[in-house]
Protein chains: 2
Amino acid sequence: MITLTEENYIKSIYQLGRYGTLTVSTNSIAEALETKASSVTDMVKKLAEKGYANYKRYQGVSLTPQGKKIAADVVRKHRLWEAFLVEKLNFTWDEVHDIAEQLEHIKSEKLINELDKLLDYPTHDPHGDPIPDKNGDIKKTDKTLLFNLAENTKGVCVGVKDTSSSFLKYLDKHKIALGSEITVVSREDFDDSMVIEINNLKMSISQTVANNLFVKEG
Amino acid sequence: MITLTEENYIKSIYQLGRYGTLTVSTNSIAEALETKASSVTDMVKKLAEKGYANYKRYQGVSLTPQGKKIAADVVRKHRLWEAFLVEKLNFTWDEVHDIAEQLEHIKSEKLINELDKLLDYPTHDPHGDPIPDKNGDIKKTDKTLLFNLAENTKGVCVGVKDTSSSFLKYLDKHKIALGSEITVVSREDFDDSMVIEINNLKMSISQTVANNLFVKEG
DNA sequence: ATATAAATTTAGGTTAGTCTAAAAATAGTT
DNA sequence: AACTATTTTTAGACTAACCTAAATTTATAT
Ligand SMILES: [Mn+2]
Ligand SMILES: [Mn+2]
Ligand SMILES: [Mn+2]
Ligand SMILES: [Mn+2]
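The shown structure was predicted, so the numbers you read here are calculated from the model rather than taken from an experiment. (Residues numbered from 1 in each chain as written. Chains lettered and ligands numbered in written order. Predicted model: local features only at pLDDT ≥ 70, side-chain atom pairs only at ≥ 80, totals over all residues. Heavy atoms only, no water.)

A. The arrangement of the sheet that holds strand β4 (residues 154-160) of chain B in detail. Residues and elements named next belong to chain B. Pairing within the open sheet is antiparallel, and its six strands lie in the order β3-β8-β4-β5-β6-β7. At either margin of the open sheet sits one strand with a lone partner, and together these are β3 (144-145) and β7 (201-205). Bridge count between β4 and strand β5 (residues 181-187): three bridges; the pairing is antiparallel. For K154, the partnering residue across the bridge sits in β5 and is T183. (Pairing = 2+ DSSP bridges. Helix = DSSP H or I, 4+ residues; strand = E, 2+ residues; numbered from the N terminus.)

Here you go:
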């Protein structure tokens, strides 16, 4: 039996460590989960005992294959639920995260498989993040930050890095959505802002915005 | 803030006490929640402190209006989720209860209202139990146990009392479903069994079955 | 290499929810 | 009314998950 809290720790280690490939520090977990480092130490010991994590004191944590599978399942559920809320229940992409944080812990194989089927086996969630398959595998796509595009190059918006409600609403307001085609018209060295063209309109965006939008080049 | 555990206790008090109208004993709650009477006493004190329950030692527990509203909301969510699983995700009526036990604790007004809309505002769950409305009100229907029907009277099956998987599967096997018309052909004094006609077939059912099927007479 | 700073762990406590065993109150029976 | 059985409560302990404060280890900078 795995508890909801354990699942959240494992998920954090997974996501902070690039889908379970890197070792993660105690403090980074504490920050992600809004808890204290001492609590993290306690939990990480337990996860190691249970076979979900590799841990040597002062050396950080990583996931075992078993831990990785658990994490991928939780992330799969989180993202499928987000897709469901947007596709079937009229939620907007800035409303779904907190509810998915709750729904990701519901235990039922059939439920998640039926949800997958109902949504016609989506590969990405409403924020453009990939949905792990039943085996926990993730299809890697070659996306880059808009900030990395040179002048006079084009890209299609495929995801957001910052998924905060305020950023998503900013994008909505300016009609920037997944699938939008964006051309970098010019870049400003002074403040790293850029002028882009989208929907046949030019607009200036800050460095912060450009650093939180994923595009597929070309 | 109300915890998942508190919600489960409140729901039990609600259901054992006929939708919050009766006082409930410590032992009955313990049995329903598969816990010990001493744990119930502790929790019931806390619920009283928080204003959800009325409690005097040795005298049993009842719900305050506030507690009743919380209970009705949880039951509403439980039953709407059960309906969703059957209507939209291909679950059978014997598979939904345990998952609904988890889903009933998800906190989101919008989620439950959208679910309600998606299902076109159902009044009953897959077992024939009424779904409380947003205000916590329940539409009372005049149903009776099949066991109470006299010989040569008819009824329409509108619900089950026992919602165990084994009973529901028994009903499936004999093609007894909500909406089925049932005629009591004869009753046997000896063992309280009865012969019924359903789908133009006669069959004998035990007293146990007759006492767990709700029908609407006539 | 030492000193200082930052990160991490340990020690000791708290709270929610549970349990067992014993005590107290209520209900049932002669 | 008195005894007995049942129900309920209290007392004391346990675990999971958290915290603060102090100790320890590792990293960084002279
Ligand atoms: Mn999310
Ligand atoms: Mn997402
Ligand atoms: Mn149910
Ligand atoms: Mn039901």
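B. Up close: unusual backbone geometry. All names here are of chain B. Located in the positive-phi region is N152, a residue other than glycine, with phi close to 65°. Given a relative accessible area of 63%, N152 falls into the exposed group. Unusually for a residue other than glycine, N199 sits at a positive phi of about 55°. For N199, the location among the structural elements is in the loop between β6 (194-198) and β7. (Buried < 20%, exposed > 50% of the residue type's maximum accessible area, 1.4 Å probe, protein only.)

C. Local environment of the environment of B:D94. Residues and elements named next belong to chain B. Following the sequence through the fold, D94 ends up in the loop between α4 (65-88) and α5 (97-103). As a C-alpha pair, D94 and V185 span 91 residues in sequence and 28 Å in three-dimensional space. What D94 contacts, discounting residues up to four positions off in sequence, is S165, L168, K169 and D172. Within the local environment of D94, its side chain forms a polar contact with the side chain of T92, the two groups lying 2.7 Å apart. (Contact = heavy atoms within 4.5 Å. Polar contact = N/O pair within 3.5 Å; in protein donor to acceptor, adjacent residues only side chain to side chain.)

D. Fine view of the pattern of salt bridges. As enumerated under the stated definition, the model contains 25 salt bridges over all chains in all. Taking the shortest distance from any N to any O, the salt bridge between B:E6 and B:K46 comes out at 3.0 Å. Of this pair, B:E6 sits in helix α1 (residues 4-16) while B:K46 sits in helix α3 (residues 37-49), and the two are 40 residues apart along the sequence. Salt bridges linked by common partners bring A:E6, A:K46 and A:K50 together as one network. (Salt bridge = Lys/Arg side-chain N within 4 Å of Asp/Glu carboxyl O.)

E. Highlighting the interface of chain B and chain A. Contacts between the two partners involve 21 residues from chain B, matched on the other side by 21 residues from chain A. Carbon and sulfur atoms make up 68% of the surface buried where chain B meets chain A, a total of about 1,600 Å² over both sides. Run the count over chain B and chain A and you get two salt bridges. A salt bridge links B:K110 to A:E95, with the shortest nitrogen-to-oxygen separation between them at 3.1 Å. One can count eight residue pairs in polar contact (both at pLDDT 80 or more) joining chain B with chain A. For the side of chain B that touches chain A, the elements supplying multiple residues, two or more each, are α4, α5 and α6 (109-118) of chain B. A total of six residues in the side of chain B that touches chain A trace back to one element, the largest contributor, which is α6(B). Classifying every residue of the side of chain B that touches chain A gives eleven nonpolar, four polar and six charged. (Buried area = accessible area lost by both parts, 1.4 Å probe. Nonpolar A, V, L, I, M, F, W, Y, C, P; charged D, E, K, R; others polar.)

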